[in-house]
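Here's the letter readout for the chains.
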Amino acid sequence: MDTPGVNFLNMSHNALELLEPGIFDGLGSLQILDLASNSLKTIKPNSFSQLHSLKSLDLRNNRIAHIDSSAFDGLKKLELVDLRGNWLSQIDPKVFLPLPIGVKNQIRLEENPFECSCELRHIVSYATRYPLRFTNAHKLSCTISKGKFFFQRKTSKNFGRLLKKPKIKFSK
């Protein structure tokens, strides 16, 4: 069933734990999807592929720890993906390849527990190459765990400096 008149769908605060295949069938004209403050843990391949008109995807404040590299396939009009406040310790920049290039402040990643590791270099490199795509890149940080201690590396001016000359904050 196609619902061409639906442009906005608010599914926030519904305790959703997963997105069933086909959940968005018939919503091809949807432009804004709010899935904030649920309990989503993973975003599977092609989760939003039916949403060809989607411009804004709000996934903040979930428990997302993994996003499949083809999760955003088909989202050629997406202007904003908000992933703040999730459990992402790393993210493959291939996730963002289907998104249109040239859109400012398109990606929000703040408040995720990124782990300072070799894997993080890929997203750092991507953010360095496309700095205008990220909102508040200067607020991104990563953590090194050593036993009971966590060392937090904060960025200074951009995400590209994350693995260079960091300020280190100790917390127990």
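Residues numbered from 1 in each chain as written. Predicted model: local features only at pLDDT ≥ 70, side-chain atom pairs only at ≥ 80, totals over all residues. Heavy atoms only, no water.

Draft legend 1. Structural view of the layout of surface pockets. Reported here for the largest pocket is a volume of approximately 190 Å³. As for the largest pocket, its lining consists of Ala-65, His-66, Ile-67, Asp-68, Ser-69, Leu-88, Gln-90, Ile-91, Asp-92, Pro-93, Glu-119 and His-122. (1 Å grid on protein atoms, 1.4 Å probe; cavity = no way out; pocket = protein on both sides within 12 Å on 5 of 7 lines; lining within 4 Å. Points joined across faces, edges and corners; volume = space filled by probe spheres on them.)

Draft legend 2. Focus on helix H1 (residues 120–129). Within H1, burial applies to Leu-120, Ile-123, Val-124, Tyr-126 and Ala-127. The buried residues of H1 occupy an angular sector of 160° when projected down its axis, which confines them to one face. (Buried < 20%, exposed > 50% of the residue type's maximum accessible area, 1.4 Å probe, protein only. Helix = DSSP H or I, 4+ residues; strand = E, 2+ residues; numbered from the N terminus. Arc of directions from axis to C-beta.)

Draft legend 3. Expanded view of the sheet that holds strand S6 (residues 80–82). Strands sit in the order S1-S2-S4-S6-S7 across an open sheet of five strands; the sheet is parallel. Sheet topology places strand S1 (8–10) and strand S7 (107–108) at the edges, where each strand pairs with a single neighbour. Alignment of S6 against S7, held across two bridges, turns out to be parallel. By the bridge assignment, Val-81 is partnered in S7 with Ile-107. (Pairing = 2+ DSSP bridges.)

Draft legend 4. The confidence of the model for the chain, seen in detail. The predicted model of the chain has a mean per-residue pLDDT of 85, with 83% of residues at 70 or higher. Here residues 154–160 is a poorly scored stretch, pLDDT under 50, and it has 20 contacts once near neighbours within four places are set aside; other chains count. Taken as a whole, residues 162–172 scores under 50 in pLDDT and shows 28 contacts with residues more than four places along the chain or in a different chain. (pLDDT = per-residue confidence, 0-100. Contact = heavy atoms within 4.5 Å.)

Draft legend 5. Geometry of the packing of aromatic side chains. By the definition in use, this model includes six aromatic pairs. Measuring from centroid to centroid gives 6.2 Å for Tyr-126 and Phe-134, while their planes differ by 80°, and the two rings are edge-to-face. The two residues Tyr-126 and Phe-134 agree in class, both being buried. Members of the aromatic cluster, connected to one another through ring pairs, are Phe-96, Tyr-126, Tyr-130 and Phe-134. (Phe/Tyr/Trp six-rings, centres within 6.5 Å; stacked < 30°, edge-to-face > 60°.)

Draft legend 6. Seen up close, the state of the cysteines. Per the counting criterion, the structure on display carries one disulfide. Each sulfur of the disulfide joining Cys-116 and Cys-142 lies 1.8 Å from the other. Because the torsion about its S-S bond is 90°, the bridge between Cys-116 and Cys-142 counts as right-handed. Remark: Cys-142 occurs in strand S9 (residues 141–146) and Cys-116 occurs in the loop between strand S8 (114–115) and H1; sequence separation between them is 26 residues. For Cys-116, a relative accessible area of 16% translates into the label buried. Residue classification places Cys-142 among the buried residues on the basis of a relative accessible area of 1%. (Disulfide = S-S within 2.5 Å.)

Draft legend 7. Spatial organisation of the pattern of salt bridges. What the rule picks out here adds up to four salt bridges. Linking Asp-82 and Arg-60 is a salt bridge whose minimum nitrogen-to-oxygen distance equals 3.8 Å. Of the two residues, Asp-82 is situated in strand S6 and Arg-60 in the loop between strand S4 (56–58) and strand S5 (66–67); the sequence distance between them amounts to 22 residues. Here Asp-82 ties to Arg-84 by a salt bridge, and the two come within 2.6 Å at their closest N and O atoms. Of the two residues, Asp-82 and Arg-84, both sit in the buried class. The network of salt bridges with shared partners includes Asp-58, Arg-60, Asp-82 and Arg-84. (Salt bridge = Lys/Arg side-chain N within 4 Å of Asp/Glu carboxyl O.)

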